[in-house]
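Notes for the structure review
One letter stands for each residue in the lines below.
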Number of protein chains: 4
Amino acid sequence: MAGIRVLGINGSARKYGNSFKMLWIALKAAEDEGAETEIIHLYDYKLILCMACYSDNLYECYYPKRCPLGLEDQYHEIAEKILSSHAVIFSTPVYWFMASAAVKTLVERMTGMENMLYHIGKSLLDGKVAGIIAVGEETGATMALSWLMLTLNMMGFHIPAWATVYYHGKGDAMDNEQAVLDAYNLGRNVARLAKILAGKVDGEPWYSLDYRSRARQLAEEAKKTAMNNREAARRDRPWL
Amino acid sequence: MAGIRVLGINGSARKYGNSFKMLWIALKAAEDEGAETEIIHLYDYKLILCMACYSDNLYECYYPKRCPLGLEDQYHEIAEKILSSHAVIFSTPVYWFMASAAVKTLVERMTGMENMLYHIGKSLLDGKVAGIIAVGEETGATMALSWLMLTLNMMGFHIPAWATVYYHGKGDAMDNEQAVLDAYNLGRNVARLAKILAGKVDGEPWYSLDYRSRARQLAEEAKKTAMNNREAARRDRPWL
Amino acid sequence: MAGIRVLGINGSARKYGNSFKMLWIALKAAEDEGAETEIIHLYDYKLILCMACYSDNLYECYYPKRCPLGLEDQYHEIAEKILSSHAVIFSTPVYWFMASAAVKTLVERMTGMENMLYHIGKSLLDGKVAGIIAVGEETGATMALSWLMLTLNMMGFHIPAWATVYYHGKGDAMDNEQAVLDAYNLGRNVARLAKILAGKVDGEPWYSLDYRSRARQLAEEAKKTAMNNREAARRDRPWL
Amino acid sequence: MAGIRVLGINGSARKYGNSFKMLWIALKAAEDEGAETEIIHLYDYKLILCMACYSDNLYECYYPKRCPLGLEDQYHEIAEKILSSHAVIFSTPVYWFMASAAVKTLVERMTGMENMLYHIGKSLLDGKVAGIIAVGEETGATMALSWLMLTLNMMGFHIPAWATVYYHGKGDAMDNEQAVLDAYNLGRNVARLAKILAGKVDGEPWYSLDYRSRARQLAEEAKKTAMNNREAARRDRPWL
């Protein structure tokens, strides 16, 4: 499956720290699965904060055309790398129990890609695969991981099994066998799922607006089913 | 792909509420994709709290043989349903910004299935597909979703794109077009990914202990690469 | 300030583990500040799951009179201890990145105390002080802490500075100087704030329904102020 | 109690939106309690991302002297406002289920103030009072609130009862009676607790390194107590 591309995004200020090293291993694991990989350091790119036009008017947010920030910064360089990849692995340091502000800044800018659902019926991120690494000296890795995985999932990314990995501790993550093996499995799974899905691409989006009428029809049936359940519950719940 | 089985677990005390209805739609969507489905109400099962033997001794936790709770309660009935399904959709009410205690109780008991990694080299949940629905009158859905998706992912579940869905509000979720469509897409995606993966089953686990030496080797390389990056960073960081 | 009472609730299945020990230190620190303390183990009490009547009808939830679970279990024993304390310190193990199901079960039952706001104009927990400890072998402490502190705060508890503490690691928390000192400061601060507030009790609730008209009046002013800001923002946001 | 100063920080890109309006009400409520207030818009200040020197060397992080970002940006203007206030109310929009990147950027820079604990034995934020507002069209408020309240608490802020407030919805928060009343109570409580504490200032820090030996002594006692509990637990846990 030549052509699987996996992008690694290092969200740490420190290009030599555990966030970088864990990400590097994951990308090598993806290469072991035949993927081409690239790594970028988020701190190398100038990113301006999202203006949240979306909250003024949903339709103002349109990648890439209508973002008022235009080409002022280097967001589009990253965006193009993401769009041309089958999978993205985010590695974030844990600063105060959460992903870095640099990662949050990128995520906010990515709204425009997701929001294309309302313009062209499909998120530009629909069906991509994501892996997430969170690394910190102290605690907070799960808050960073769970926030980021939910966000990416709601943008259209699949999260393969064990594609969320953390390391916490003051030492070198590379000396921690568990962390290193976790990072390897993450990179392998991201590439593996991307390969499986690439062989299955049928163009149909994973979030589709086409099922509105079917869903509405089911909603009416669901109400009836629930009503029956409600009747049955009256014995224990006399206030119903 | 006859034979795809999707289990729906309703974690709400109310069998007639929005958690149930959203789940019901998701399961119907899975049926539209050809899956067989089943729905259970967690409150119908007696579950005893996990004793956390794991923290005394990792190897005590072994499904199903060694759990000291044995067959005292009805956990094993649920466990068998999970194990015989390709995918599981959890629907939880949001009580105080988090999944219900009933759901948490089940998740704790599932430790034994995941922990088989240390006994037989593979989690019993490895490679299954999960979807998650969180429903509440007020806020907190994302805390419930993100916690549960991280947990399930670290047990071995894949999370397909947009397989995390919420509804919040006091009214009937069935009257909310967005919520209903989200639930439909969730069920569809869970079944769709389960079908794709079922056609790809090669028996190899998604978390594998077999890559230890490869990972360790890469760890040494990662250290060297990071060291070079560290040298380059000295200009801006004289304290290095 | 004789009479300050601090209740410690151990939410762990293991009465001899780090959750217990950290809690024990916090309570001793409270005693050093002159408080009377008591410790209970949640696993010693039979607790039935909340039925979420609240979601059927807000007014059904009324402590202690109307809870349909009545006196079937031992919740009221714990509730009375909480109500007669000035402060409560919760210590939870981290099971799958979150507070234990036992703790979640207790929290759900406590809804009735908070919900008295709608019956008598005041939460029964209004103005109490809370401290929270989360302990786990692996990660997840911050998810447990942050969830529980938000919940308790929205029930009416004050959270003193540094009254959220964690320990993660496989060893004995008692050998970790940082963890032990953190637990000490937590217990000290909980007692200290409780003492300060006890000297200030003026009977007025911390959440008051009495400010409705003042709040509504301010809301109109806020709209006007925001409108001016909106005008000024038009230069950068032509779509406004 | 003339002299109580409450700073409001609006973390939204939109100076006219619900984040602003909710914050404005909270500040007026604080004024009703006699406080002086000031509101700033975070987007008016140029903030450079934290370099995380801390992770290279804990002692490099020292406010204000040693931060390598020096006076390049406008962080110090905000920092001085925070330091000269008794209480701070943060109002954040919810962008992708979390506080805005602007807020996260500020929080990361505040590390230097907290880290003074290791230089002078006291966080510069020790004993201040915080309130937090999170506002969004969709879900995620609790993730933003709980993350920020934990972080601020671990920097040294007290969180008064009901000082965490959210509004979610597409309309004007000012038309929502609950939201408006919540914001009022928040501002009132922040000012009220700040006043109570200002009358109690005894100079002693809320996190003190002075209790190390007392804590260590208690740790040894805790071990013994736990050991007794462990013996008693053996009946149910034969593997102990």
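Keep in mind that what you see is a predicted model, and the values were worked out from it rather than measured.

1. Quick word on the relation of the copies chain D and chain A
- For these two chains of identical sequence, chain D goes onto chain A by a turn of 180° and a shift of 0.0 Å along the axis, with RMSD 0.0 Å. Expressed as a symmetry operation, the mapping of one chain copy onto the other fits a two-fold axis. Every residue of chain D has its C-alpha some distance from the rotation axis, and the shortest such distance is that of D:A101, at 2.7 Å.
- Comparing interface residues between copies, 100% of those in chain D also lie at the interface in chain A; the contact surface is shared.

2. Topic: the sheet that holds strand β1 (residues 5-10) of chain D
Residue and element names in this part refer to chain D.
- In spatial order, the strands read β2-β1-β3-β4-β5; together these 5 strands make up an open sheet with parallel pairing. The sheet is open, and its two borders are formed by β2 (36-41) and β5 (164-168), each paired with just one other strand. Taking the axes of each pair of neighbouring strands and ignoring which way they run, one obtains an average angle of 15° across the sheet.
- With 5 bridges connecting them, strand β4 (residues 129-136) and β5 associate as parallel partners. Along β5, the bridge assignment pairs V135 with Y167.
- Docked against the sheet, helix α1 (residues 18-32) engages β1, β2, β3 (87-93), β4 and β5, running at close to 175° with respect to β1.
- Relative to β4, helix α7 (residues 141-155) is tilted by about 160°, and along the sheet it contacts β3, β4 and β5.

3. Remarks on the packing of aromatic side chains
Residues and elements named next belong to chain B.
- Under the counting rule described, the total for this entry stands at 20 aromatic pairs over all chains.
- Ring centres 6.1 Å apart and planes at 85° place the aromatic pair Y63 and Y75 in the edge-to-face group. Of this pair, Y63 sits in the loop between α2 (53-56) and α3 (75-83) while Y75 sits in helix α3; the two residues are 12 residues apart in sequence, bridging distant segments of the chain.
- You can call Y63 buried: its relative accessible area is 8%.

4. Topic: the domain arrangement of chain A
- One can read the domain layout of chain A as domain 1 (5-207) and domain 2 (208-240).
- Each of domain 1 of chain A and domain 2 of chain A has a C-alpha centre, and the two are 37 Å apart.

5. Some points on the interface of chain A and chain B
- Each partner contributes to the interface: chain A provides 73 residues, whereas chain B provides 73 residues.
- Both faces considered, chain A and chain B share a buried interface measuring about 6,600 Å² in area, 64% of it formed by carbon and sulfur atoms.
- Three residues, A:Y16, A:W162 and A:W206, lead the burial of chain A against chain B; their summed loss comes to 14% of the area buried on that side.
- On inspection of chain A and its partner chain B, the count reaches 10 salt bridges.
- Put simply, B:R188 and A:E204 hold a salt bridge, and the shortest N to O gap is 2.5 Å.
- Mapped onto the side of chain A that touches chain B, the elements with two or more residues apiece are α1 (18-32), α7 (141-155), β6 (164-168), α8 (177-198) and α9 (212-233) of chain A.
- Among the elements that make up the side of chain A that touches chain B, the one with the highest residue count is α9(A) (14 residues).
- Grouping the constituent residues of the side of chain A that touches chain B by class yields 37 nonpolar, 14 polar and 22 charged.

6. Things to note about the UniProt feature "domain: NADPH-dependent FMN reductase-like" (unreviewed entry) in chain A
- Cross-referencing UniProt, the feature "domain: NADPH-dependent FMN reductase-like" (unreviewed entry) maps to residues 5-160 of chain A in the present numbering.
- The span residues 5-160 of chain A is 38% helical and 20% strand by assignment, and the distance between its end C-alpha atoms comes to 16 Å.

7. Here's the deal with the pairing of β6(A)
All names here are of chain A.
- With 5 of its 5 residues buried, β6 lies for the most part within the structure.
- Here β6 shows two buried faces, one formed by T164, Y166 and H168 and the other by V165 and Y167.
- As a crossover connection, the stretch from strand β5 (residues 129-136) through α7 into β6 is right-handed.

Conventions we followed
- Sequence order as written defines the numbering, with residues in each chain counted from 1.
- All chains are assigned letters beginning with A, and all ligands numbers beginning with 1, in the order in which they are written.
- Per-residue local features are limited, in this predicted model, to residues with pLDDT of at least 70; the limit for side-chain atom pairs, both in listing and counting, is 80 or more; totals at the level of whole chains, interfaces and linings are taken over all residues.
- Each side-chain value is worked out from all heavy atoms of the structure, with water and hydrogens disregarded.
- Least-squares fitting of one copy onto the other uses the C-alpha atoms of those residues that reach a pLDDT of at least 70 in both copies.
- Should any heavy atoms of two residues lie within 4.5 Å, those residues are considered in contact.
- Two strands form a pair only when DSSP identifies at least two bridges running between them.
- By the criteria applied, helices consist of DSSP H or I runs no shorter than four residues and strands consist of E runs no shorter than two, each listed in order from the N terminus.
- Only the stretch in contact is used when fitting a helix axis, every axis being a line fitted to C-alpha atoms; angles between N-to-C directions are given from 0 to 180 degrees.
- Pairing of aromatic rings covers Phe, Tyr and Trp, the last through its six-membered ring, and needs centres within 6.5 Å; plane angles under 30 degrees mean stacked, over 60 mean edge-to-face, and all others mean tilted.
- The rule is simple: take the accessible area with a 1.4 Å probe, protein chains only, and divide by the maximum for that residue type; under 20% is buried, over 50% is exposed, in between is partly exposed.
- Domain delimitation in this document rests on an assignment produced automatically or drawn from a domain database.
- Buried surface area refers to the total accessible area, computed with a probe of radius 1.4 Å, that the two partners give up upon joining, counted for both partners together.
- Basic side-chain nitrogens of Lys or Arg form a salt bridge, by our definition, when they fall within 4 Å of a carboxyl oxygen of Asp or Glu.
- In this count, Pro and Cys sit with the nonpolar residues alongside Ala, Val, Leu, Ile, Met, Phe, Trp and Tyr, while Asp, Glu, Lys and Arg are called charged and the others, Gly among them, polar.
- UniProt positions are given in the numbering used here, feature names are shortened, and annotations may be inferred rather than shown by experiment.
- Here, the term right-handed applies to a crossover whose path from the first strand over the helix to the second runs clockwise when the strands point away from the viewer.

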